[in-house]
Amino acid sequence: MHSGKSKCTCLQPFALRTEERGAKKKHEFTRKLARMFAEEQRMRIPVAQRLPWTTDEPQTLPKPPVKENTVPLGIHLFSDVRACERAKFDEYVAAKFLLMEQEMREHERLQQIAEQEEIKRMRSEMVPHAQLMPYFDRPFMPKRSSKHLTIPKEPSFSNVSR
């Protein structure tokens, strides 16, 4: 049991782990920024190329010999050859088309001549011939047929075998 007076508690702040982690990250971030800034500063300073170890005159290479101008050969380009072949083919097609047209005209002309000869022949055959006079004393009267009348039959579709 306690005596009448209680002890005073000592108030001490306690450290949270999240605060420790936050401080650690902040410290790393500042170090990283300082490193990046130093790198940028170093990149801004131009570095000249060093002098060679020797102080002799630099060696100059001789120029290569100049080539003579090339003379073009008699080359036939494929497009030129193709154009010539196409022109010949076009001429061949045009000649064939003209020949077919002439044959068609000749055929039509012969057909027209044949039709005119047929008309002349038919006209010569169409000479009117005298018809026999009908017999007025006994006029034509059609006679009734001796055959029996046709009896219509109902079609039956159900018996058709397929």
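Note: the structure precedes this text.
Every value quoted in this text rests on a predicted model; they were computed, and no experiment measured them.

Cut-offs applied
Residues numbered from 1 in each chain as written. Predicted model: local features only at pLDDT ≥ 70, side-chain atom pairs only at ≥ 80, totals over all residues. Heavy atoms only, no water. Helix = DSSP H or I, 4+ residues; strand = E, 2+ residues; numbered from the N terminus. Rg over C-alpha atoms; globule rule 2.2 N^0.38 Å. Buried < 20%, exposed > 50% of the residue type's maximum accessible area, 1.4 Å probe, protein only. Areas by Shrake-Rupley, 256 points an atom, 1.4 Å probe, with all protein chains shown as cover. Lys, Arg positive; Asp, Glu negative; His and termini not counted. Charge placed at Lys NZ, Arg CZ, Asp CG, Glu CD. Patch = residues over 30% accessible without salt bridge, like charges linked within 9 Å, V, L, I, M, F, W, Y side chains within 5 Å. Salt bridge = Lys/Arg side-chain N within 4 Å of Asp/Glu carboxyl O. Phe/Tyr/Trp six-rings, centres within 6.5 Å; stacked < 30°, edge-to-face > 60°. Lys NZ or Arg CZ within 6 Å of the ring centre and 35° of its normal.

Student: So what about the overall build of the protein? Which residues, and what values?
Tutor: A tally of helices and strands in the protein yields 2 helices and 0 strands. Expected size for 162 residues packed as a compact globule is a radius of gyration near 15 Å; at 62 Å, the protein overshoots this value by more than 25%. A principal-axis box enclosing the C-alpha atoms of the protein has dimensions of 170 × 105 × 30 Å. Counting across all 162 residues of the protein, residues that qualify as buried make up 0%. As displayed, the protein offers around 19500 Å² of accessible surface, 61% of which is attributable to carbon and sulfur atoms. Placing the 30 positive and 22 negative side-chain charges of the protein at their respective mean positions leaves the two points 19 Å apart.

Student: Any details on a nonpolar patch on the surface? Residues and values, ideally.
Tutor: Taken together, Leu-73, Ile-75 and Leu-77 make up a surface patch of nonpolar side chains, about 360 Å² in accessible area. Along the chain, the position of Leu-73 falls in the loop between helix H1 (17–44) and helix H2 (78–125). On the basis of relative accessible area, Leu-73 is assigned to the exposed category, the value being 70%.

Student: Describe the pattern of salt bridges, with residues and values.
Tutor: Applying the stated criterion to the full structure yields 7 salt bridges. Residue Glu-106 is joined to Arg-109 by a salt bridge in which the shortest nitrogen-to-oxygen separation is 2.6 Å. Residue Glu-106 and its partner Arg-109 are located together in helix H2, separated by 3 residues, close to a single helical turn. What makes Arg-109 partly exposed here is its relative accessible area of 41%.

Student: Go over the packing of aromatic side chains, please, and point to the residues and values.
Tutor: Considering all chains together, one arrives at 0 aromatic pairs under this definition. The side chain of Arg-138 reaches across the aromatic face of Tyr-135, ending 4.6 Å from its centre.

Student: Would you mind going over a positive patch on the surface in detail, with residue names and values included?
Tutor: Together, Arg-17, Arg-21, Lys-24 and Lys-25 line one region of the surface with positive charge. By the element assignment, Arg-17 lies in helix H1. Under the relative-accessibility criterion, Arg-17 is labelled exposed at 68%.

Student: Quick one: what's the story with the environment of Leu-16, residue by residue and with numbers?
Tutor: Along the polypeptide, Leu-16 turns up in the segment before H1. When the C-alpha positions of Leu-16 and Arg-82 are compared, they lie 90 Å apart, and in sequence the two are 66 residues distant.

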